[in-house]
Amino acid sequence: MKPIYPSLIFPDTDIFNYRQFPLLLFGCPLYYLQPVEPDPDTPDNDRDIFIDSGLCRAHIPAPLEDDRQRFTRLIHDIGERKDDYAAQLSALTMAAMSSKRDKFGTEQRYQIISSLLGKTAAAPAKENDKQLNLWQARLVLAISEILKKEKEDLHQELQLLDAQEMEMYRSLQGETGAEETDPFRELERIKADLEEARPREVKMRFRSWLTLMKNAPLPDAALWIASSPEAGDELFNEFEKGSDELSVPILELSMPERIEAGPTHVVSQVSSFLKDSAPIRTKIISDLDSLINAPALSSDSADNLLPSGGNYPAQWAELVEDHFPVGSHGRSALTFYLLPNCDIASLLGFEPTTGRSPTVHGLLAVFKR
C-alpha cells in the first residue's frame, strides 16, 4: 500500500487496539513512538500484519540494546504481578515522575530507577543524567499504557451498569437503605476520579514522549495527530506560549469510535476504506497541503480556508457509514486545526531534518471520542 498522508500520533505508544484503529482511515502510514525495540527472536505477528501492510510504522529513537531484556522484564512484572510489590512500584514510579524537579531531585529519581532495576542507588554524574531521563521517560510511558488499559477495562465494566439498572437497584433498597452503603455511589466516584486524573496523566506522558522523540530525527510526517483532546491541549498550550495568534479549526471528519476485529480483518476493512475513499481523501490532502504552505492567510477567510471544505464532511460521513455503520462502530471525530505561522517541529524544539521541509503553518488533528 502506497503512503497516503504520513502522520505522527502522540503521546500514545500502543496503537494496536480497537480505539486507535480508526485513525488509520486518514493518517496512513501512521507513525508511532516505540519506546523499546522489538525482540528479534520473538516476532509479534499481530503488529507485523499492520506494519507489513504499510498502515503503521514504528519509530524507535532511543533503543535500549543490551538493557532491553531487563527493562521488558521489569515492565512485565509491574503489569502482571498482583502483589503489593508490583502495586507499590506502579504508584511510586508514577508519583516520582510527576513531581517537579525542585521537589524531587535527580538523586532521588535515580534512587527509584535504581531500585526498580535492582542496582545500587547512587547519584549519577552529569554525563549520565541524559540516560537517567531516558529511563524515566520509558517508565512513564510504559506504566501509563498499563494504567490506561486498566482504566479502559474498568470503564467497560462500569458501562454495563447503566442508569436504569442503578435506579432499579436503589429502589430495591427501600427508603430505609443507608445512602452511604450504596455501591453505585462508589462507582460514580471512581468514574469522576478517572476523568479528573486524565489531564495530569496526559501532561506527564506528553513530556516523556518528547524526551524520547528528541533522540532521533522526526519521521517524515505531514500531519500530527493528538490521540485525545487533552493531548491536543498540550500542543495548543505550547503554541499559545510563543504566538499571539489563535489556532483555527478548519475541518471535522466523522470517524468510527472503534474497530473491533482481529488484525487481519481490521487491515482488510481499513484497506477497503482507503481504496473507496481515495478520491475524496486526495482532494482533502491537496487542500491541506496548499493551506499549510500558503504565504499569508486572510483574517476574514477563517470559515472558508479549504476551497472545497463545505462538501467534505458529508461525503466522508457517507463513506464511513458504508464501511463502519454507526450501530456497530459508534462515532467519533477527527478535527483539524491550523496553527498560523507555526511549524510544529520547530515549536517543540526538534532539530531541522533532511526530510519534509518546514511548513509555513502547523497542522494538527485531534481525535475526539
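Source: prediction; values computed, not measured.

**Student:** Let's hear about the environment of Ala 314: which residues, and what values?
**Tutor:** The residue Ala 314 is located in helix H11 (residues 312–323) in this model. Separated by 61 residues in sequence, Ala 314 and Leu 253 place their C-alpha atoms 8.6 Å apart.

**Student:** Lay out the sheet that holds strand E6 (residues 332–339) with the relevant residues and their values.
**Tutor:** The strand order across the open sheet formed by seven strands is E3-E2-E1-E4-E7-E6-E5, and the pairing between neighbours is mixed. Of all the strands in the sheet, the pair left with one neighbour each is strand E3 (56–59) and strand E5 (248–255). Recorded for the sheet is a direction-independent mean angle of 25 degrees between the axes of neighbouring strands. Where strand E2 (residues 30–33) and E3 come together, four bridges link them in parallel fashion. When the sheet's bridge partners are listed, Tyr 32 is paired in E3 with Ala 58. Across the face of the sheet, helix H10 (residues 278–292) comes into contact with E5, E6 and strand E7 (362–368) while running at roughly 160 degrees to E5.

**Student:** An account of helix H9 (residues 263–276) is requested, with residue identities and associated values reported.
**Tutor:** End to end, H9 covers 20 Å across 14 residues, agreeing with the expected 20 Å (1.5 Å per residue, within 8%). Considering only its buried residues, H9 is in contact with helix H1 (45–52), H10, H11 and helix H12 (326–329).

**Student:** Give a detailed account of the nonpolar core, specifying residues and quantitative values.
**Tutor:** If you look at the biggest cluster of nonpolar residues, it comprises 48 residues, and the most contacted ones within it are Phe 26, Ile 250 and Phe 336. Mapped by element, the contributors of at least two residues to this core are E2, strand E4 (223–226), E5, H9, H10, H11, E6 and E7. No other element matches the six residues that H10 contributes to this core. Judged by nonpolar contacts, the second largest core, of 31 residues, contains Tyr 31, Leu 33, Leu 348 and Val 366.

**Student:** Can you explain the layout of surface pockets? Please cite residues and give values.
**Tutor:** Looking at the largest pocket, its volume works out to about 1200 Å³. At the level of secondary structure, the elements contributing two or more residues to the lining of the largest pocket comprise H1, helix H2 (68–80) and helix H5 (126–159). Broken down by element, the residue count for the lining of the largest pocket peaks at nine residues, all from H5. Classifying every residue of the lining of the largest pocket gives 13 nonpolar, eight polar and 16 charged.

**Student:** Quick one: what's the story with the packing of aromatic side chains, residue by residue and with numbers?
**Tutor:** This model, assessed by the stated rule, comprises 16 aromatic pairs. Ring geometry for Tyr 5 and Phe 26: centres 5.9 Å apart, planes at 80 degrees, overall edge-to-face. Taken together, the residues Tyr 5 in the segment before strand E1 (7–10) and Phe 26 in the loop between E1 and E2 connect sequence positions 21 residues apart. As far as the burial class goes, Tyr 5 and Phe 26 line up, both buried. Every member of this aromatic cluster is reached through a ring pair, and the members are Tyr 5, Phe 26, Phe 273, Trp 316, Phe 324 and Phe 336. In this arrangement the basic side chain of Arg 138 is found over the ring face of Trp 135, its NZ or CZ atom lying 5.9 Å from the centre.

**Student:** A description of the environment of Ser 247 should follow, citing residues and the corresponding values.
**Tutor:** Note on placement: Ser 247 falls in the loop between helix H8 (229–242) and E5. On a C-alpha basis, the gap between Ser 247 and Tyr 337 in space is 6.2 Å, while along the polypeptide they are 90 residues apart. Dropping the residues within four chain positions of it, Ser 247 is found in contact with Phe 236, Phe 239, Tyr 337, Leu 338, Leu 339 and Pro 340.

**Student:** Describe the pattern of salt bridges, with residues and values.
**Tutor:** Counted by the stated rule, this structure contains twelve salt bridges. Measuring nitrogen to oxygen at the nearest pair gives 3.3 Å for the salt bridge that ties Arg 205 to Glu 145. Note that Arg 205 is positioned in helix H7 (residues 183–213) and Glu 145 in helix H5, a separation of 60 residues in sequence. For Arg 205, a relative accessible area of 5% gives the class buried. Beyond isolated ion pairs, a larger network of salt bridges with shared partners links Arg 19, Glu 257, Arg 258 and Glu 260.

**Student:** I'd like a rundown of the packing of H9 against H11, residues and numbers included.
**Tutor:** At a minimum axis distance of 11 Å, the contact between H9 and H11 shows a crossing angle of 150 degrees. Read as a crossing pair, H9 and H11 show a hand that is right-handed. In contact with Ser 272, Phe 273 and Asp 276 of H9, H11 contributes Trp 316, Leu 319, Val 320 and His 323. A class-by-class count of the residues in the contact of H9 with H11 yields four nonpolar, two polar and one charged.

Cut-offs and rules
Position labels on residues start from 1 in each chain and follow its written sequence. In view of the model being predicted, local features appear only for residues whose pLDDT reaches at least 70, and side-chain atom pairs are presented and counted only at 80 or more, with totals across whole chains, interfaces and linings using the full set of residues. As a convention, hydrogens and water are excluded, and side-chain values are obtained from all of the structure's heavy atoms. Put simply, DSSP H or I for four residues or longer makes a helix, DSSP E for two residues or longer makes a strand, and each gets a number counted from the N terminus. Here a strand pair is declared whenever DSSP counts at least two bridges between the two strands. Angles shown run from 0 to 180 degrees and are taken between the N-to-C directions of axes, each axis being a line fitted to C-alpha atoms and, for helices, limited to the stretch in contact. Working rule for contacts: check all heavy atoms of both residues, and any pair within 4.5 Å makes them a contact. To estimate how far a helix should reach, multiply one less than its number of residues by 1.5 Å. By convention a nonpolar core is built from buried Ala, Val, Leu, Ile, Met, Phe, Trp, Tyr and Cys residues, the set being connected through side-chain atoms within 4.5 Å. Here's how the labels work: a residue is buried when its accessible area is under 20% of the maximum for its type, exposed when over 50%, partly exposed in between, all with a 1.4 Å probe on protein chains only. Only protein atoms enter the 1 Å grid used here, on which a cavity is any set of points holding a 1.4 Å probe that cannot leave and a pocket is any open set flanked by protein within 12 Å on both sides along at least five of seven lines; residues with an atom within 4 Å of a point are listed as lining. Grid points are joined across faces, edges and corners, and a volume is the space filled by probe spheres set on the points. When residues are grouped by polarity, Ala, Val, Leu, Ile, Met, Phe, Trp, Tyr, Cys and Pro land in nonpolar, Asp, Glu, Lys and Arg in charged, and all others, Gly among them, in polar. We call Phe, Tyr and Trp rings a pair once their centres come within 6.5 Å, taking the six-membered ring for Trp, and we label the pair stacked below 30 degrees between planes, edge-to-face above 60, and tilted otherwise. The rule for a charge over a ring is simple: NZ of Lys or CZ of Arg within 6 Å of the ring centre, and within 35 degrees of the ring normal. Just to be clear on terms, a salt bridge is a Lys or Arg side-chain nitrogen sitting within 4 Å of an Asp or Glu carboxyl oxygen. Each crossing gets its hand from how the near helix is turned against the far one by less than a right angle, where anticlockwise is left-handed and clockwise is right-handed.

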